[in-house]
Amino acid sequence: MAPFLVEAAIKSLILVLLLLTGFAYLTLAERKLIADFQARIGPNRAGPYGLLQPLADAVKLFFKEDFIPEYADRVLFVLAPLITLIPTLLIFAVIPFGPELTLFGYRTRLQLTDVHVGVLYIVAVTSISVYGITLAGWASNNKYALLGGIRASAQMISYELAMGLAIVSVVLTTGTLQVSGIVEAQRNGWLIFLQPVAAVIFFITGLAEIKRAPFDLVEAEQELTAGYLTEYSSMKFALFFMSEYVKMIGFGALMTTFFLGGYLGPFVDLYPGLGVVYFTLKVGFLIFVLIWLRATLPRIRYDQLMSLGWKVLLPLSLANVMGTAVVVALTA
Amino acid sequence: MTLIQAVFVLFAILTLGAGLFTVLSRHLFHAVLYLILSLVGVAGLFVLLEAEFLAGVQVLIYIGAISILIIFAVMLTRGMARNPGPPLNNQSLAAAVIAGLFFVLLAPVIAGFPWPQATQGVPADAIEALGRSLVDPNQFALPFELASVMILAALIGAIFIAREKR
């Protein structure tokens, strides 16, 4: 029991530190890239090429007043940012970052834990993440926050179904609920080629789940000021901000694992360390696409969002699951 | 007391305590949140019993879907979310007595029941066996299909009721 706990503790620590650094520099990367897309320069004052900008932002947020509105539900108001962040971090527990490898004479997997029902775990954990936002909207006791919170949770619930069905077709194709098994099943070809429809549905619903452009209606300033974030400031705001960016990384990691072959790539069996490089490159590419989309697409209207989710993506993903099931049954 | 037993006691207290607060909470919104906490405790107990699949489904369906609907219902019903009525009414004493009597009746039955002792752990292919039993005509295919038809009927009914009147 003890060595297992020590191993898990070390892996979790590394994971959290990596995600914190990733979050900090993702904010800078996004600002720089958006600036490039718009032919601006972007942040370049703090440190060389603006590399110390995340640090400056963090210091600024620390010194902001931590304000709780008088009629807010204090306990829930404080808990909401945490409830948003924790499920986001929990997803990374089952994502394999690389194959099995020997480190200092100790054979280990680059994955925190490889549960049998990893896929179910992912779907379950993402379904909880809607609570933080709903609670934030409600606890603030502010009409903009409440409307933003309700709008966000309605959006997440609507797109969860189609996303779940896209994952079901992945599970049907690979025949396993274990996340490492799904990656290993892609040795002969990435699932994006076998399941292109599921990949597209997963990408679109993923965008909606993490509320990125063009689905960022939650933060439509003209209608809702800042949505559920309206009353939040200082470190509580920073926690929400962090969970948004960690969600971007999480989305990239899930898309990579399910459809882009995870850590697989040329020579990965000879040099297992390469797996981490491939994984990081694929996730980085997907995050670049997310930022690119934000710089390109206008925000869609709320009724368009709902009709896209319920009338297009849901039937399409259902048909895809049925088609996959028939093919799997016939070839088995 | 072993580690497993300690964890069991922890989850049992979480489940029962949150259940108690669900009933006693003055505020309907808080009652729903305590209910969710209680369901989390049940999911923890499932994990402790090595039934990871059930734990996942418990979180996905009860916490991720049903409770969020209850929260929406509370939030969107006018006055309900902001009206902390008294948690106890004049029937609470009678209810407590009846519940207590019911417990006295049940406790000896539960204590005396010859519960089967699991000799081996959960088999590795438990999920596959579960899936197959749901489509096996000799096992649960009929109840499974009946439940599906019922859910479909409820879905169509919900759409019919919610549809805008022309």
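Residues numbered from 1 in each chain as written. Chains lettered and ligands numbered in written order. Predicted model: local features only at pLDDT ≥ 70, side-chain atom pairs only at ≥ 80, totals over all residues. Heavy atoms only, no water.

Counting its secondary structure elements, chain A contains 13 helices and two strands. Since a compact globule built from 332 residues should have a radius of gyration of about 20 Å, the 20 Å found for chain A is in line with a globular shape. Counting only C-alpha atoms and orienting by the principal axes, one finds that chain A spans roughly 60 × 50 × 50 Å. Scored against the burial criterion, the 332 residues of chain A give a buried share of 50%. Look at the contacts in chain A between residues 6 or more apart in sequence, and 78% of them connect residues 24 or more apart. When the accessible surface of chain A is summed, it comes to about 15,700 Å², and 72% of that surface belongs to carbon and sulfur atoms. When the 22 positive and 21 negative side-chain charges of chain A are each reduced to one mean point, those points stand 5 Å apart. (Helix = DSSP H or I, 4+ residues; strand = E, 2+ residues; numbered from the N terminus. Rg over C-alpha atoms; globule rule 2.2 N^0.38 Å. Buried < 20%, exposed > 50% of the residue type's maximum accessible area, 1.4 Å probe, protein only. Contact = heavy atoms within 4.5 Å. Areas by Shrake-Rupley, 256 points an atom, 1.4 Å probe, with all protein chains shown as cover. Lys, Arg positive; Asp, Glu negative; His and termini not counted. Charge placed at Lys NZ, Arg CZ, Asp CG, Glu CD.)

The next thing to look at is helix 2 (residues 53-63) of chain A. All names here are of chain A. Taken together, the buried positions of helix 2 are occupied by Q53, P54 and L61. Looking straight down helix 2, one finds that the buried residues subtend no more than 100° of arc, so they occupy a single side. In helix 2, the exposed residues that point more than 90 degrees away from the buried face are L55, F62 and F63. (Arc of directions from axis to C-beta.)

Turning our attention to the packing of aromatic side chains. The full count for this structure, using the stated rule, is 14 aromatic pairs over all chains. Geometrically, the ring pair formed by A:F237 and A:F241 is stacked, given 5.7 Å between the ring centres and 25° between the ring planes. One end of the pair, A:F237, and the other, A:F241, are both in helix 11 (residues 234-259), four residues apart, so they sit about a helical turn from each other. Taking the relative accessible area as the measure of exposure, A:F241 reaches 32% and is therefore partly exposed. Note on B:F21 and B:Y34: the rings are 5.0 Å apart at their centroids and 25° apart in plane angle, and the pair reads as stacked. Note that B:F21 is positioned in helix 1 (residues 3-24) and B:Y34 in helix 2 (residues 28-48), a separation of 13 residues in sequence. On the basis of relative accessible area, B:F21 is assigned to the partly exposed category, the value being 48%. Pairwise contacts between aromatic rings join A:F202, A:F203, A:F251, A:F258 and A:F259 into one cluster. (Phe/Tyr/Trp six-rings, centres within 6.5 Å; stacked < 30°, edge-to-face > 60°.)

All names here are of chain A. Within the fold, S180 resides in helix 7 (residues 179-184). By relative accessible area, S180 is classed as buried at 7%. For S180, the contacting residues outside a window of four places in its chain are P96, R109, Q111 and D114.

What follows deals with unusual backbone geometry. Residues and elements named next belong to chain A. Here A39, not a glycine, exhibits a phi torsion of approximately 55°, which is positive. Note on A39: relative accessible area 73%, which makes it exposed. Not every positive phi belongs to a glycine, and K211 is a case in point at roughly 55°. As for its placement among the helices and strands, K211 is situated in the loop between helix 9 (196-209) and helix 10 (221-224).

A rise of 1.5 Å per residue sets the reference length of helix 2 of chain B, with its 21 residues, at 30 Å; its end C-alpha atoms lie 31 Å apart and thus fit the reference within 8%. Every buried residue of helix 2 of chain B is listed here: B:F29, B:A31, B:V32, B:L33, B:I36, B:S38, B:L39, B:G41, B:A43 and B:G44. Along its buried surface, helix 2 of chain B packs onto helix 3 (74-90) and helix 5 (130-139) of chain A together with helix 1 and helix 3 (52-76) of chain B. (Expected span 1.5 Å × (residues − 1).)

What follows concerns the pattern of salt bridges. Opposite charge on two side chains allows them to pair when their charged atoms are near. Residue and element names in this part refer to chain A. The full count for this structure, using the stated rule, is six salt bridges over all chains. The partner of D57 in a salt bridge is R31, and the shortest N-O contact between them spans 3.3 Å. Linking D57 in helix 2 with R31 in helix 1 (residues 2-37), this pair joins segments that are 26 residues apart in sequence. Using a relative accessible area of 24% as the deciding quantity, one classes D57 as partly exposed. (Salt bridge = Lys/Arg side-chain N within 4 Å of Asp/Glu carboxyl O.)

Looking now at the packing of helix 5 of chain A against helix 3 of chain B. Close contact between helix 5 of chain A and helix 3 of chain B brings their axes to 11 Å; oriented N to C, the two are set at 15°. Between helix 5 of chain A and helix 3 of chain B, the angle falls in the class roughly parallel. Of the two elements, helix 5 of chain A crosses helix 3 of chain B, and the hand of that crossing is left-handed. Residue-level inspection shows A:V130, A:Y131, A:T134 and A:W138 of helix 5 of chain A in contact with helix 3 of chain B, the latter providing B:I63, B:S67, B:I68, B:I71 and B:M75. (Axes fitted to C-alpha atoms, helices over the stretch in contact; angles between N-to-C directions. Parallel < 35°, antiparallel > 145°, perpendicular 65-115°, else oblique. Left-handed = near helix turned anticlockwise from the far one by under 90°.)

Before going further, it helps to examine a nonpolar patch on the surface. A cluster of nonpolar residues, B:F102, B:L105, B:L106, B:V109, B:I110, B:F113 and B:W115, forms a patch on the protein surface that exposes about 750 Å² of accessible area. Summarising the element assignment, B:W115 is placed in the loop between helix 4 (92-112) and helix 5 (126-135). (Patch = residues over 30% accessible without salt bridge, like charges linked within 9 Å, V, L, I, M, F, W, Y side chains within 5 Å.)

Right, let's talk about the interface of chain B and chain A for a bit. Listed as interface residues are 23 residues of chain B and, on the opposing side, 22 residues of chain A. Surface buried jointly by chain B and chain A totals about 2,000 Å² across both partners, of which 81% is contributed by carbon and sulfur atoms. For the pair chain B and chain A, the number of links is two residue pairs in polar contact (both at pLDDT 80 or more). Looking at the side of chain B that touches chain A, the elements with two or more residues in it are helix 2 and helix 3 of chain B. Counting residues per element, the side of chain B that touches chain A draws most heavily on helix 3 of chain B, at 14 residues. Here the residues of the side of chain B that touches chain A are counted per class, giving 16 nonpolar, five polar and two charged. (Buried area = accessible area lost by both parts, 1.4 Å probe. Polar contact = N/O pair within 3.5 Å; in protein donor to acceptor, adjacent residues only side chain to side chain. Nonpolar A, V, L, I, M, F, W, Y, C, P; charged D, E, K, R; others polar.)

This paragraph deals with the confidence of the model for chain A. Summary statistics for chain A give a mean pLDDT of 84 and a share of 96% for residues scoring 70 or more. The least confident element of chain A is helix 10 of chain A, whose mean pLDDT is 67; the most confident is helix 9 of chain A, at 90. (pLDDT = per-residue confidence, 0-100.)

Within soluble globular proteins, side chains that are nonpolar tend to cluster in buried spots. Ranked by internal contacts, the top residues of the largest apolar core, which has 63 residues, are A:F202, A:F203, A:F258 and A:F259. Listing elements by their share of this core, those giving two or more residues are helix 1, helix 4 (118-128), helix 6 (143-174), helix 7, helix 9, helix 11, helix 12 (274-296) and helix 13 (302-331) of chain A. Here this core takes 11 residues from helix 11 of chain A, the largest share from any one element. Excluding its chain neighbours within four sequence positions, the residues that come into contact with A:F258 are A:V119, A:I122, A:I167, A:V170, A:I182, A:Q186, A:L191 and A:F202. Core analysis: the second largest hydrophobic core is formed by 34 residues, A:V130, A:V218, A:F240 and B:I63 among them. (Core = buried A, V, L, I, M, F, W, Y, C linked by side-chain atoms within 4.5 Å.)

Residues and elements named next belong to chain B. Mean pLDDT over chain B works out to 84, with 89% of the residues at or above the 70 mark. Between the elements of chain B, mean pLDDT differs from a low of 83, seen in helix 5, to a high of 91, seen in helix 6 (residues 141-162). Among the prediction metrics, the complex's ipTM stands at 0.78, with pTM recorded as 0.85.

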